[in-house]
Structures are given as structure tokens and as C-alpha cells.
Amino acid sequence: MNCRETCFTDVKKSNPEKLIKTGKHPCFSYEAHHKYARMHLPVAPRCNIKCNYCSRKYDCANESRPGVTSTVLSPTSAQKKFIQVRNKIPRLSVVGIAGPGDALANWENTKETIKLIKKVDPEIIFCLSTNGLMLPDLAQKIVDLGVSHITVTVNCLDPRVGRKIYSYVSYKRMVYKGLEGAELLVNNQFQGIRQLVDEGVVVKANIVMIKDINTHHIPDTVKGLKKAGVFINNIMPLIPAFGSPFENYPQTSLDELDNMRNLCETDLKQMRHCRQCRADAVGLLGEDRSVEFMQTEKAISQ
């Protein structure tokens, strides 16, 4: 039995309902991304860590990169946008909160948005994206809220690698830098992932592939993610963002990316159809319609 078959079998054994939902989630299922649409609601502006590859200082309507959005919405505005998008886009199956900061660093906004959307569509699949810092504190609340799928960005297993990737970590009103900050983040990520998996949440782990920083360490990180119970892994190329400490780093080539995915697929199923979506993405993964809804988004946010 290959890794893909094993992953789906594990989900089915733990919760058949989760298997059905996963089959309709375009980021967790290759087959679903041709059929089902998703929308990201940008209700989470704050972030609690500083990644050296990240810059959220500007927005371009034609740019597809995590952390980019044209407007930050309130939970009430997000509900209005959801209703409008649902009426225009058939087979909308997933509502995700992926920034532009961190979904869990803005927990009250995230929680209220999900509650409001549940009132108008209790069958929609909810998904969150997070750096994982707050997972040990919020894992049970996430489960109780009915979130079935979570993406956690885990760029390393070794804090000695992490201190090169993260400038600082802000946790419970304290700021941690260097090895201390990276160790805190990594420990919380893996503890939180295990908690979620034990509660039946389906977890995807993103890894940003950064040449000369974490490339050599990615296979070990994937093995660690497998042990923690992660369902699928998404190794993404670095997109050098203007204004970030890594702005002059080389973008990961497709050949390098494919070679790494091939190497790691023996341990974890690999997502190969990622589009590194904006925080306000709408539609099919290969047919983003966020620009179409930008004016609507700005109008309802006022």
C-alpha cells in the first residue's frame, strides 16, 4: 500500500465523515481542486511571529502570495461576502481563514466569523491556516467550533534551523528571539498538531523551501510530521518578497521542488497542486476570482 492509500485509509478509520469532507477540500485532495471552490476570508490581520520571508506591506491585485489581501474584513462583513460569493459560485465547499496574519493570533475574529457563517450554512467545511504557535492553547476550542481541517506551516524540526527563518516569536505578552523563540514555536507546533490529530482534525503541513536555510533539513521535518499524524504535506517554493530579509534569496526552482517532493513522498503524501493563494482568494485553485469580488469586498467593509 502506498502513502496516499495509507493516508486516506487512516482518515476513513478515524472518521468516515472526515473522509467525505476531505474529498471536497481542494487543498487536501487533488481530485477536489478541479471540482470544488474555496474562499479565504481576510479577517485576521495580526501575526504573532516574524518570518524572514514574509512582507505584508503592499498589495497587488495580480499577485498570488500568502499574506496578501486588498481589504481586511470584520466578521459581519465576512458573512455578507460569503453569502454573495456562495450565490455566484457553484460548488463552494470550503471557507478558509488564512490571514493576512495568523488565524489563531486573531482568535476572536476567527471564532466570530465561523459562528456567523454557520448560521447561514451549517454544512460548509471550515479550514484554518496557522503558524501553530497558539495551537496548544486553542486546539480544543478549534475542535469544539467544528473546524475539520487545519494547515500548519512548519518549516523545520530543529530550532537551530528555525532561528535562521524567524526573527522573533511573540507569545503570551513576551517576545522570544533566536534559538529560544524557534524552540518555543517548534514545540508548540508539534504539540498542537498531535492534539488536533487525536481529536480527529485533518492536518496539512506547509513547508517553505528556502535554499541554503532548510533544504537539507526538510526530509527529517517531513518524517517528524508523519509521526505527529499529519495527513498531507505541501512543500512550497520560496517567493522572495520585496522588503523582507529574504528578498534577495533565490526562488526555489520547479526541478528542486519536484525532487524534494519525490524524496519526501515515501513518508507523506505530497500536495502538488498548490497555488500559494492570497488571503482573499475565491474560486477554484486554478481559476481564482478574487479580483471579481474586490469592489464588493471594499463596499461591505465600509
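Please refer to the structure higher up on the page.
Model, not experiment: these values are computed from the prediction.

Asks: Explain the overall build of the protein chain to me, using residue names and the numbers behind them.
Replies: A count of helical and extended segments in the protein chain gives 10 helices and 11 strands. When the 302 residues of the protein chain are sorted by exposure, 55% land in the buried category. Sequence separation of at least 24 residues holds for 76% of the intrachain contacts in the protein chain that already meet a minimum separation of 6. For the protein chain, the accessible surface area stands at approximately 13,400 Å², while carbon and sulfur atoms represent 50% of it.

Asks: Outline the packing of helix α3 (residues 75-88) against helix α4 (residues 107-120), listing residues and values.
Replies: Where α3 meets α4, the axes come as close as 9 Å, and the angle between the chain directions of the two elements is 40°. In terms of their interaxial angle, α3 and α4 are classed as oblique. Both α3 and α4 take part in a crossing whose hand is right-handed. Residues Pro75, Thr76, Ala78, Gln79, Phe82, Ile83 and Arg86 of α3 pack against Asn109, Glu112, Thr113, Leu116, Ile117 and Val120 of α4. Looking at the contact of α3 with α4, its residues break down into 7 nonpolar, 4 polar and 2 charged.

Asks: Would you mind going over the sheet that holds strand β7 (residues 174-177) in detail, with residue names and values included?
Replies: Spatially, the 3 strands line up as an open sheet ordered β2-β6-β7, and their pairing is antiparallel. Of all strands in the sheet, those bounded by a partner on one side alone are β2 (49-51) and β7. This sheet shows a mean twist of 20° between the axes of neighbouring strands, independent of strand direction. Relative to β7, strand β6 (residues 166-171) runs antiparallel, the two being bridged by 4 bridges. Note that in β7 the partner of Val169 across the bridge is Tyr176. Packing against the sheet, helix α7 (residues 178-198) makes contact with β2, β6 and β7, and its axis sits at approximately 60° to β6.

Asks: Give me the nonpolar core: which residues, what numbers.
Replies: Proteins that are soluble and globular tend to have nonpolar side chains buried together. The biggest cluster of nonpolar side chains holds 70 residues, and the ones touching the most others in it are Leu128, Ile142, Ile193 and Leu225. Of all the elements, α7 adds the most residues to this core, at 6 residues. With sequence-adjacent residues up to four places away left out, Ile193 is seen in contact with Leu135, Val152, Val154, Val203, Leu225, Ala228 and Val230.

Asks: Hey, could you go over the side chain of Arg261 for me, with residue numbers and the actual values?
Replies: Assignment of secondary structure puts Arg261 in helix α9 (residues 254-264). Although Arg261 is buried, it makes no salt bridge; Asp258 carries the closest opposite charge, 4.0 Å away. Apart from the residues lying within four places of it in its own chain, the contact partners of Arg261 are Asn234, Ile235, Gln270, Met271 and Arg272.

Asks: Hey, could you go over α4 for me, with residue numbers and the actual values?
Replies: Taking 1.5 Å as the rise per residue, α4 with 14 residues should run 20 Å; its terminal C-alpha atoms sit 21 Å apart, in good agreement. Buried within α4 we find Trp107, Thr110, Thr113, Ile114, Leu116 and Ile117. Close packing links the buried residues of α4 with α3, β3 (92-97), β4 (125-130) and α5 (135-145).

Asks: I'd like a description of the packing of aromatic side chains, backed by residues and values.
Replies: Per the stated rule, a full pass over the model turns up 1 aromatic pair. Judged by centre distance (4.4 Å) and plane angle (40°), the rings of Phe246 and Tyr249 are tilted. Since its relative accessible area comes to 5%, Phe246 is described here as buried. Since its relative accessible area comes to 28%, Tyr249 is described here as partly exposed.

Asks: Give me the pattern of salt bridges: which residues, what numbers.
Replies: It is possible for side chains bearing opposite charge to pair when their charged atoms get close. Tallied over the full model, the rule gives 6 salt bridges. Put simply, Glu108 and Lys111 hold a salt bridge, and the shortest N to O gap is 3.4 Å. Of this pair, Glu108 and Lys111 are both found in helix α4, 3 residues apart, which corresponds to roughly one turn of the helix. Given the relative accessible area of 52%, Glu108 is considered exposed. Owing to a relative accessible area of 22%, Lys111 belongs among the partly exposed residues under this scheme. In this structure, Lys211 engages Glu256 in a salt bridge whose closest nitrogen and oxygen atoms are separated by 3.4 Å. Taken as a pair, Lys211 in the loop between β8 (202-209) and α8 (218-228) and Glu256 in helix α9 lie far apart in primary sequence, 45 residues in all.

Thresholds, definitions, all that
Residues numbered from 1 in each chain as written. Predicted model: local features only at pLDDT ≥ 70, side-chain atom pairs only at ≥ 80, totals over all residues. Heavy atoms only, no water. Helix = DSSP H or I, 4+ residues; strand = E, 2+ residues; numbered from the N terminus. Buried < 20%, exposed > 50% of the residue type's maximum accessible area, 1.4 Å probe, protein only. Contact = heavy atoms within 4.5 Å. Areas by Shrake-Rupley, 256 points an atom, 1.4 Å probe, with all protein chains shown as cover. Axes fitted to C-alpha atoms, helices over the stretch in contact; angles between N-to-C directions. Parallel < 35°, antiparallel > 145°, perpendicular 65-115°, else oblique. Left-handed = near helix turned anticlockwise from the far one by under 90°. Nonpolar A, V, L, I, M, F, W, Y, C, P; charged D, E, K, R; others polar. Pairing = 2+ DSSP bridges. Core = buried A, V, L, I, M, F, W, Y, C linked by side-chain atoms within 4.5 Å. Lys, Arg positive; Asp, Glu negative; His and termini not counted. Salt bridge = Lys/Arg side-chain N within 4 Å of Asp/Glu carboxyl O. Expected span 1.5 Å × (residues − 1). Phe/Tyr/Trp six-rings, centres within 6.5 Å; stacked < 30°, edge-to-face > 60°.

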